[in-house]
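As a plain string of letters, each chain reads:
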Amino acid sequence: MLDHGAPPHNGGPAAPHSEGVGTRLMRRKPVERLVAEGGRGEGGTLRRSLGLWQLTMISIGATLGTGIFVVLGEAVPKAGPAVTLSFVIAGLTALFSALSYAELAGTIPVSGSSYSYAYATMGELIAWVCGWCLMLEYGVSVAAVAVGWGEYLNELLDGTIGVTLPAALSAPPGDGGIFNAPALIVVLLAMAFLLGGARESARANTVMVLVKIGALVLFCAIGVQGFRSGNYENFMPLGMAGVSAAGATLFFSYIGFDAASTAGEEATNAQRDLPRAILLSLAIITALYVLVAAVAVGAKPWRQFTDSEATLAQIMREVTGQSFWGTLLAFCAVVAIASVVLTVLYGQTRILFAMSRDGLVPKVFARVSPRTGTPRANTLIVSLFCGVLAAAVPLGKLADATSIGTLFAFALVNVAVVVLRRSRPDMPRSFRVPLSPLLPALGFGFCLWMMGSLSTVTWVVFGVWMAVGLVFYFLYGYRRSRLAAPAPSEAK
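Worth saying up front: this structure is predicted, and the values here are computed from it rather than measured.

1. A short note on the confidence of the model for the chain
Any region with low pLDDT has predicted coordinates that should not be read closely. Looking at the chain, pLDDT values average 83 and 90% of them are 70 or higher. Residue range residues 1–17 is modelled with pLDDT below 50. Its contacts to residues more than four positions away, or to other chains, number 35 contacts. Contacts of residues 487–492 to residues separated by more than four positions or lying in other chains number 4 contacts, the stretch itself having pLDDT below 50.

Right, here's the structure in full:
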């Protein structure tokens, strides 16, 4: 059980009229209050039904598939055969942050993920900035992955019935199309599962995760038959700058590991299971990514890679000379990427749920259906927004925008774990980051380094996004924040 002896200055209730602007921006929400409010929404509560297995599958489901099935074709031309090193660097960056996530998820087991961790340690303004970055991370990545799903759906249709969707209906404007209908469809399918309940969604996700792992193992078993060591002779043709640039793009493929932390209020034993699920899933994901990338580059010269989202299916056809294996992989990819859409969309709705409960976004996002125990209106609004975005925006622009939002949020988590260690050193922790504050500092530094590798255009988009977020906060969240009001237990 958590220590309830929080010092009063850690964000307790205060008279709003006596606070200055700076004080209100820096007010922190006590860990005890965060945990006590767990699961509570408008009109109902979330249901605790997820164990270690389901949480690990959520984390893998949100992660495995994006980098391999979708972005590999874009990353190889940037780094050459050294793309395997890019995956290792991106995975190492993710590991440092994953350790911090694991400690905080076990200490503050709530749905808000890094938004809630920042609220408890660095104050409301920083928490809002983090939450706004998470909207970019989760919401935009749903759209980005949905775009890649359409590519593999076309591969599947071509291999089975010999037809493909016309470009006008299977690509967004700027990529030769008018409207990406498959991208919208997969988001709506994920929405339908989420509306049924967390347990039902977790079951469907588990099946899809097992399919995608089987698909990647199958690719390695067949792709290795076309392996040519000569493809690795010029290992780093574009230098370390290329490796770094590819790593920054591929970091997009690791963002899902923190999805388990968004299930904190629906886990049966969150303090025990969340840290385990985060670290276990990251280990499985990194191993598979590096193995698949190594086989892919060995089977196909790096200069022949294109930005097609169906890279692995193409390699299968080229190695075997048969369309069957590529079609089979395309089917598995359709299932795999659908699970990413499902779990990342789930994470986005739970983060907005937490922010709404705090009063920083409209309360409609915190309404819970008593029948299903899910935030139905939240799910509908987020799904429709992401679906339209997926249908209208090209994948490449989305992937980098997602990466920078993720890296910024992860950097804040590495700071938060150190701050909470200093402000609440005696608080029970089910997992502790080893060698703290060294490893959190390395995680923070790696995140900043990879952010610096992203393009100027991505930084401009990020700056505009943050400016819009701050305007919204000061016009809405700053005035409606519930932190200044007494907690329900304190008002009695």
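Following the structure, the description resumes.
2. Regarding the nonpolar core
Counting residues in each nonpolar core, the largest one holds 146 residues, and the members touching the most others are V83, F87, F219 and L312. For this core, the element with the highest residue contribution is helix 7 (residues 124–160), accounting for 19 residues.

3. Focus on the pattern of salt bridges
Scanning the model with the defined rule gives 11 salt bridges in all. In this structure, E103 and R429 form a salt bridge, with 3.1 Å as the shortest nitrogen-oxygen distance. Taken together, the positions of E103 in helix 5 (residues 83–107) and R429 in the loop between helix 16 (395–423) and helix 17 (438–452) put the pair 326 residues apart, joining distant regions of the chain. For the pair shown, E103 and R429 are each scored as buried. One salt bridge connects R350 with E266, and the closest N-O pair in it is separated by 3.1 Å. On the criterion of sequence distance, the pair formed by R350 in helix 14 (residues 323–357) and E266 in the loop between helix 11 (239–250) and helix 12 (270–299) is long-range, its members being 84 residues apart. Taken together, the shared-partner salt bridges in this structure form one network comprising K29, R33, E37 and D358.

4. Focus on the packing of helix 9 (residues 181–196) against helix 15 (residues 376–392)
Look at helix 9 against helix 15: their axes get within 8 Å of each other, and the N-to-C directions meet at 165°. In terms of orientation, helix 9 lies roughly antiparallel with respect to helix 15. In this structure, helix 9 meets helix 15 at a crossing whose hand is right-handed. Contacts between helix 9 and helix 15 involve A183, L184, V187, L188, M191, L194 and L195 on the former and, on the latter, R376, T379, L380, S383, L384, C386, G387, V388, A390 and A391. When the residues that make up the contact of helix 9 with helix 15 are grouped by side-chain class, the tally is 13 nonpolar, 3 polar and 1 charged.

5. Things to note about the packing of aromatic side chains
Both the distance between ring centres and the angle between the ring planes are used here to describe each pair of aromatic rings. Enumeration according to the criterion identifies 21 aromatic pairs in this entry. When the centroid spacing of 5.8 Å and the interplanar angle of 25° are considered together, the rings of F227 and Y232 count as stacked. Here F227 falls in the partly exposed class, since its relative accessible area comes to 34%. Pairing F474 with Y478 gives two aromatic rings, centres 5.9 Å apart and planes at 45°, and the pair type is tilted. Taken together, the residues F474 and Y478, both in helix 18 (residues 456–480) and 4 residues apart, mark about one turn of the helix. The class for Y478 is buried, based on a relative accessible area of 13%. Aromatic rings pair up to connect W128, W132, W465, F472, Y473, F474, Y476 and Y478 into one cluster.

6. Notes on the packing of helix 7 against helix 9
The angle between the axes and the distance between the axes are what describe a pair of packed helices. Helix 9 packs onto helix 7 with a crossing angle of 115° between their chain directions and a minimal axis gap of 8 Å. With respect to the hand of their crossing, helix 7 and helix 9 are arranged in right-handed fashion. Of helix 9, the residues touching helix 7 (which contributes V142, A146, V147, W149, G150 and L153) are P182, A183, V186 and V187. Class assignment of the residues belonging to the contact of helix 7 with helix 9 gives a composition of 9 nonpolar, 1 polar and no charged.

7. Notes on empty space enclosed by the protein
By the definition in use, this model includes 1 cavity of 30 Å³ or more. Of the voids in this model, the largest cavity is the one considered here, and its volume is about 60 Å³. Looking at the largest cavity, the residues that line it are L50, I58, A198, S201, A202, N205, L342, T343 and Y346. When residues of the lining of the largest cavity are traced back to their parent elements, those giving at least two are helix 10 (198–223) and helix 14. A per-element tally of the lining of the largest cavity places helix 10 first, with 4 residues. Each residue belonging to the lining of the largest cavity can be placed in one class, and the counts come to 6 nonpolar, 3 polar and no charged.

8. Brief notes about the state of the cysteines
If you walk through the whole model with that rule in mind, you get 0 disulfides. Not engaged in a disulfide, the cysteine C220 finds its nearest cysteine sulfur in C332; these two sulfurs lie 13 Å apart. Of all cysteine sulfurs, the one in C133 lies closest to C386, which takes part in no disulfide; the gap is 16 Å. Look at C386 and you get buried, because its relative accessible area is 0%.

9. Focus on the side chain of T56
Locating T56 in the fold gives a position in helix 3 (residues 52–63). On the basis of relative accessible area, T56 is assigned to the buried category, the value being 3%. In terms of polar contacts, T56 uses its side chain to reach the backbone carbonyl oxygen of L52, at 2.9 Å. In contact with T56, other than residues within four places in its own chain, are A277, L280 and S281.

10. Section: helix 6 (residues 114–121)
When you tally the buried positions in helix 6, you get 8 out of 8 residues, the bulk of the element. Considered for burial, the residues of helix 6 that qualify are S114, Y115, S116, Y117, A118, Y119, A120 and T121. G123 sits one or two positions beyond helix 6 and adopts a positive phi of about 100°.

11. So, a nonpolar patch on the surface
Together, F235, M236, M240 and W449 make up a nonpolar patch on the protein surface, roughly 340 Å² of accessible area in all. One can find M236 in the loop between helix 10 and helix 11.

12. A look at a positive patch on the surface
A cluster of basic residues, R47, R199, R203, R371 and R376, forms a positive patch on the protein surface. Relative to the assigned elements, R199 resides in helix 10.

13. Focus on unusual backbone geometry
Each neighbour pair has its own omega, and for S436 with P437 the value is 10°, a cis peptide bond. Take P437: it is sitting in the loop between helix 16 and helix 17. Although it is not a glycine, S113 adopts a positive phi angle of roughly 55°. Following the sequence through the fold, S113 ends up in the loop between helix 5 and helix 6. In this model, L435 sits at a positive phi of 55°, which is unusual for a non-glycine residue. Within the secondary structure layout, L435 lies in the loop between helix 16 and helix 17.

Scoring rules and cut-offs
- Residues numbered from 1 in each chain as written.
- Predicted model: local features only at pLDDT ≥ 70, side-chain atom pairs only at ≥ 80, totals over all residues.
- Heavy atoms only, no water.
- pLDDT = per-residue confidence, 0-100.
- Contact = heavy atoms within 4.5 Å.
- Core = buried A, V, L, I, M, F, W, Y, C linked by side-chain atoms within 4.5 Å.
- Buried < 20%, exposed > 50% of the residue type's maximum accessible area, 1.4 Å probe, protein only.
- Helix = DSSP H or I, 4+ residues; strand = E, 2+ residues; numbered from the N terminus.
- Salt bridge = Lys/Arg side-chain N within 4 Å of Asp/Glu carboxyl O.
- Axes fitted to C-alpha atoms, helices over the stretch in contact; angles between N-to-C directions.
- Parallel < 35°, antiparallel > 145°, perpendicular 65-115°, else oblique.
- Left-handed = near helix turned anticlockwise from the far one by under 90°.
- Nonpolar A, V, L, I, M, F, W, Y, C, P; charged D, E, K, R; others polar.
- Phe/Tyr/Trp six-rings, centres within 6.5 Å; stacked < 30°, edge-to-face > 60°.
- 1 Å grid on protein atoms, 1.4 Å probe; cavity = no way out; pocket = protein on both sides within 12 Å on 5 of 7 lines; lining within 4 Å.
- Points joined across faces, edges and corners; volume = space filled by probe spheres on them.
- Disulfide = S-S within 2.5 Å.
- Polar contact = N/O pair within 3.5 Å; in protein donor to acceptor, adjacent residues only side chain to side chain.
- Patch = residues over 30% accessible without salt bridge, like charges linked within 9 Å, V, L, I, M, F, W, Y side chains within 5 Å.
- Areas by Shrake-Rupley, 256 points an atom, 1.4 Å probe, with all protein chains shown as cover.
- Lys, Arg positive; Asp, Glu negative; His and termini not counted.
- Charge placed at Lys NZ, Arg CZ, Asp CG, Glu CD.

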